[in-house]
Amino acid sequence: MAPLMPSAPHKDDLDDTWTFLESGINNVMVKLEEGVNMKDYMALYTAVHNFCTSHKAVTGQANALQSQRGAHLLGEELYKKLGEYLSTHLNWVHKESTSHTEEALLAFYIREWQRFTTAAKYINHLFRYLNRHWVKREIDEGKKNVYDVYTLHLVKWKEDFFLRVDEKVMDAVLNLVEKQRNGETIEQSQIKSIVGSFVSLGLDETDPTKSTLDIYRLYFEKPFLAATRTYYEDESRQFVAENSVVEYMKKAEVRLDEEKARVGLYLHPDISKSLTDTCLDVLVTAHSELLRDEFQPLLDNERQDDLARMYRLLSRIKDGLDPLRTKFEAHVRKAGLAAVEKVAAEGESFEPKMYVDALLSVHTRYHSLVKEAFNGESEFVRSLDNACREFVNRNKICKSGSTKTPELLARYTDSLLKKGSKAAEESELEEMLVQIMTVFKYIEDKDVFQKFYSKMLAKRLVHVSSVSDDAETSMISKLKEACGFEYTNKLQRMFQDIQISKDLNASYKDWLDKSFLDDDDRKKLVDSHFQILGTGFWPLSAPSTDFLAPPEIVKTAERFQKFYFDKHNGRKLTWLWQLCKGEIKANYIKNTKVPYTFQVSTYQMGILLLFNENDTLSYPDIQKATSLTPEILDPNLSIFLKAKVLVISPEGSKPGPNAKFTLNHNFKNKKIKVNLNIQIKSEQKVETDDTHKTIEEDRKLLLQSAIVRIMKSRKKMKHVQLVQEVIHQVKSRFPPQVPDIKKNIEALMEKDYIERLDGDEIAYIA
């Protein structure tokens with residue numbers, strides 16, 4: 001401060017006091033950098049205090065009201081004088097500012113703002129007594145336009161300087177920002193300081209202790225956003241005209257990132273949402289049609305990075321992605337149908353693996369795309385699922401109304417879980433089962449898969465041809481997780497039967513050891529293994545032909561029956577000859593050191609053992625001795641002829657009543673073990689047809705039980721509602737057709753489970 005201060009004023013004299021104060025205040029306002037003399041500073045503080053309390057000191061207790069009124073008047077005068085001083089000072093600041101423009105104006109504004117607000121803190125302290133008493137009382141009494149001394153400085157700055165220069169200041173700020181957007185380096189701290197100033201000027205008129213962002217929003221945000229909109233409208237229009245859509249998306253992303261960074265660098269966080277919305281509106285929404293038109297070409301060429309960029313941009317605007325999801329769904333469906341058409345071009349000869357791989361390849365490709373390019377977004381996942389469900393259930397191979405997909409999937413699963421030369425490693429197999437479940441998820445006719453799967457599982461278990469128990473249980477647990485306990489209940493019971501059968505065979509061997517067989521009988525014993533399969537759980541039917549088993553087999557069967565009935569009195573055993581198999585040694589073949597072993601079905605065994613007695617047998621002889629029907633006998637004889645185990649005469653003829661068959665003593669094969677137990681195609685077709693028949697029967701029962709269950713709980717129901725409820729309950733197993741539901745409602749009416757009332761209503765008959 002200046003070294004010379006006027007002498008302390010008389011405490012009762014307003015003019016004298018103000019002259020003294022003005023000199024000191026002016027030193028604080030314009031010469032603060034020269035330092036503050038504490039003695040002078042305290043003199044100023046004391047002068048304010050003395051003036052504010054002087055009237056109280058000379059007024060007697062009797063006139064308390066006048067005392068208050070006097071203090072009130074004196075405080076007001078001092079407050080008014082200070083306000084006038086600040087206005088005068090700011091008029092001078094404004095006059096000085098007129099000689100500055102652009103960045104020089106910003107530098108001037110910031111310098112004066114910092115000088116002014118720093119001085120305001122000191123002056124506020126000098127007038128602390130005024131703040132504490134007079135200002136407080138005025139505010140408490142609801143007086144308007146009265147503020148503490150620091151706030152008074154801000155109010156004056158706003159009224160006497162800010163509102164006269166704000167447009168010029170903002171023009172300078174916006175020019176700076178535009179330079180930066182154009183790639184020039186600018187003094188960012190200048191804008192940050194301007195923002196701080198605008199924010200500080202936001203005063204809450206209703207509560208002086210609070211601040212608002214009103215000034216900042218009106219005088220900074222509003223013009224800033226308007227300038228931003230104009231800048232990017234011009235830039236994007238020009239850029240789109242000269243560049244590709246992909247290049248434009250890259251540019252838009254860069255610009256959005258820049259504006260986001262700008263908030264952190266020098267803007268107030270309050271602008272963040274409005275700035276982002278403005279940029280998105282101009283850069284994305286305004287060009288959204290252009291972007292969407294590019295979606296299909298990018299999809300066709302699998303431009304994952306560019307699709308991801310488009311997703312990121314359009315996901316940020318309202319309904320930006322909806323048209324893309326529709327296009328994506330159609331694209332995936334088309335890709336799926338095309339993949340299946342390639343398989344269908346192979347004709348009937350394609351392997352189930354080929355079909356399932358075609359379905360999976362499309363799903364895998366687009367699942368990866370959704371994950372990588374569309375961030376795994378749930379709506380895109382739904383579009384993928386819708387498309388997959390469509391092409392999995394309705395395609396060139398699985399036409400509408402056909403259930404080919406679940407059948408082929410079951411066959412492929414069977415090939416994986418069955419022992420074979422191409423058995424996969426354990427970890428690979430588990431991965432393949434997971435992929436099977438991916439396709440299974442989309443299958444609508446889950447009951448068809450279940451039927452075929454259970455038949456094939458039964459064969460794997462009966463023939464002990466599963467690749468591993470772990471793989472089988474893993475698959476069943478996956479199905480259980482997907483469809484519930486009821487879906488896999490019978491599959492699990494089949495496993496239990498096999499385990500029980502293992503224990504039973506061990507008991508049988510102990511029983512045999514202890515039985516009183518003579519040595520001759522023991523030599524003739526057949527090495528046997530039996531499986532007891534519960535009728536209610538196994539999808540197996542009785543043999544389709546009569547069969548006279550060979551004596552060796554008959555004796556073995558009778559021996560086991562005696563053992564079994566001793567343990568389980570009253571049970572019935574049905575021998576499933578069509579599923580039995582064994583091995584027989586061929587000791588008749590010339591020129592071989594090691595006898596061949598033939599792996600045969602029991603039917604084949606019955607035929608071949610007849611040749612122990614005769615080298616040549618006629619067709620009628622064989623048929624009479626085995627009782628096999630021609631449908632079973634003929635294909636099995638054909639297998640022997642093809643393998644050259646037997647020779648037919650007349651030569652070149654087919655098995656029939658006039659044919660004779662002779663044992664080939666010169667049989668040769670590369671393998672010592674020769675598998676003759678090959679499934680006959682006609683058998684497979686009959687089996688498939690039977691499976692489809694049982695599916696139809698099961699569906700009828702499922703629909704009827706659902707109708708009864710619903711009606712039992714609801715008692716009365718409109719026909720239309722009942723149909724809808726049945727669809728809802730049954731669709732997890734198969735998509736029911738409305739005519740089928742109506743047919744089963746009629747059937748239950750005939751059985752008196754339900755009855756039709758007036759007004760299309762149906763009632764349950766208790």
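Just above sits the structure.
A. The overall build of the protein chain, seen in detail. Each helix and strand in the protein chain was counted, giving 28 helices and 9 strands. The C-alpha atoms of the protein chain give a radius of gyration of 48 Å, which is well past the 27 Å a tight globule of 766 residues would have. Along the three orthogonal principal directions, the C-alpha set of the protein chain runs to about 150 × 65 × 65 Å. Among the 766 residues that make up the protein chain, the fraction classed as buried is 45%. A fraction of 71% describes how many contacts in the protein chain between residues 6 or more apart in sequence connect residues 24 or more apart. Charge-centre separation for the protein chain: the mean point of 111 positive side chains lies 6 Å from the mean point of 115 negative side chains.

B. Geometry of the packing of aromatic side chains. In total, this model carries 39 aromatic pairs according to the counting rule given. Ring centres of Y311 and F374 lie 5.9 Å apart, and the angle between their planes is 45°; on these two criteria the pair is classed as tilted. Linking Y311 in helix α12 (residues 304–314) with F374 in the loop between α14 (352–373) and α15 (378–393), this pair joins segments that are 63 residues apart in sequence. A residue is classified by how much of its surface remains accessible, and Y311, at 11% relative accessible area, is buried.

C. Main features of the pairing of strand β9 (residues 761–764). Bridging between strand β7 (residues 716–718) and β9 involves 3 bridges; their strand directions are antiparallel. Residue K718 lies in a different strand from β9, and its bridge partner there is E761. Pairing of strand β8 (residues 754–757) with β9 involves 4 bridges; the strand directions are antiparallel. In the strand pairing of β9, R756 is matched with I762. Counting the residues that bridge the hairpin from β8 to β9 gives 3 residues, and of these G759 lies at a positive phi of roughly 70°.

D. Just the sheet that holds strand β1 (residues 581–586), in detail. Read across the open sheet, the 3 strands follow the order β1-β2-β6; overall the sheet is mixed. In this open sheet, the two edge strands, each paired with only one partner strand, are β1 and β6 (673–675). Taking the axes of each pair of neighbouring strands and ignoring which way they run, one obtains an average angle of 25° across the sheet. As paired strands, β1 and strand β2 (residues 596–601) are joined by 6 bridges and run antiparallel to one another. Bridge pairing in β2 places A586 opposite Y596. Each of β1 and β2 touches helix α23 (residues 602–609); the most contacted strand, β2, lies at about 125° to it.

E. Quick look at the nonpolar core. Counting residues in each nonpolar core, the largest one holds 160 residues, and the members touching the most others are Y109, F127, F220, F328 and F374. Top contributing element to this core by residue count: helix α6 (residues 149–181), with 15 residues. In this structure Y109 touches W157, F161, F162, V165, V169, I194, S197, F198 and L201, once residues within four positions along its chain are discounted. Core analysis: the next-biggest nonpolar cluster, separate from the first, contains 34 residues, A549, F598, I632 and I639 among them.

F. Representation of the layout of surface pockets within the structure. When its volume is computed, the second largest pocket comes out at roughly 670 Å³. Among the secondary structure elements, those contributing two or more residues to the lining of the second largest pocket are α18 (446–462), α20 (485–514) and α26 (681–714). Grouping the constituent residues of the lining of the second largest pocket by class yields 11 nonpolar, 8 polar and 9 charged.

G. Representation of the packing of helix α19 (residues 469–483) against α20 within the structure. Contact pair α19 / α20: the axes reach a minimum separation of 8 Å and the direction vectors enclose 155°. If you check the angle between α19 and α20, you find them roughly antiparallel. Between α19 and α20 the crossing geometry is left-handed. Together, D469, E472, T473, I476, L479, K480 and C483 of α19 and F485, Y487, T488, L491, Q492, F495 and K502 of α20 make up the contact between the two elements. Its residues placed into classes, the contact of α19 with α20 shows 7 nonpolar, 3 polar and 4 charged.

H. Spotlight on the side chain of N131. Within the secondary structure layout, N131 lies in helix α5 (residues 128–140). Residue class for N131 comes out buried when judged on its relative accessible area of 14%. Among residues more than four places away in sequence, those in contact with N131 are N124, K136, D148 and V149.

Calculation rules
Residues numbered from 1 in each chain as written. Predicted model: local features only at pLDDT ≥ 70, side-chain atom pairs only at ≥ 80, totals over all residues. Heavy atoms only, no water. Helix = DSSP H or I, 4+ residues; strand = E, 2+ residues; numbered from the N terminus. Rg over C-alpha atoms; globule rule 2.2 N^0.38 Å. Buried < 20%, exposed > 50% of the residue type's maximum accessible area, 1.4 Å probe, protein only. Contact = heavy atoms within 4.5 Å. Lys, Arg positive; Asp, Glu negative; His and termini not counted. Charge placed at Lys NZ, Arg CZ, Asp CG, Glu CD. Phe/Tyr/Trp six-rings, centres within 6.5 Å; stacked < 30°, edge-to-face > 60°. Pairing = 2+ DSSP bridges. Axes fitted to C-alpha atoms, helices over the stretch in contact; angles between N-to-C directions. Core = buried A, V, L, I, M, F, W, Y, C linked by side-chain atoms within 4.5 Å. 1 Å grid on protein atoms, 1.4 Å probe; cavity = no way out; pocket = protein on both sides within 12 Å on 5 of 7 lines; lining within 4 Å. Points joined across faces, edges and corners; volume = space filled by probe spheres on them. Nonpolar A, V, L, I, M, F, W, Y, C, P; charged D, E, K, R; others polar. Parallel < 35°, antiparallel > 145°, perpendicular 65-115°, else oblique. Left-handed = near helix turned anticlockwise from the far one by under 90°.

Taken by themselves, the reported measurements are silent on function.
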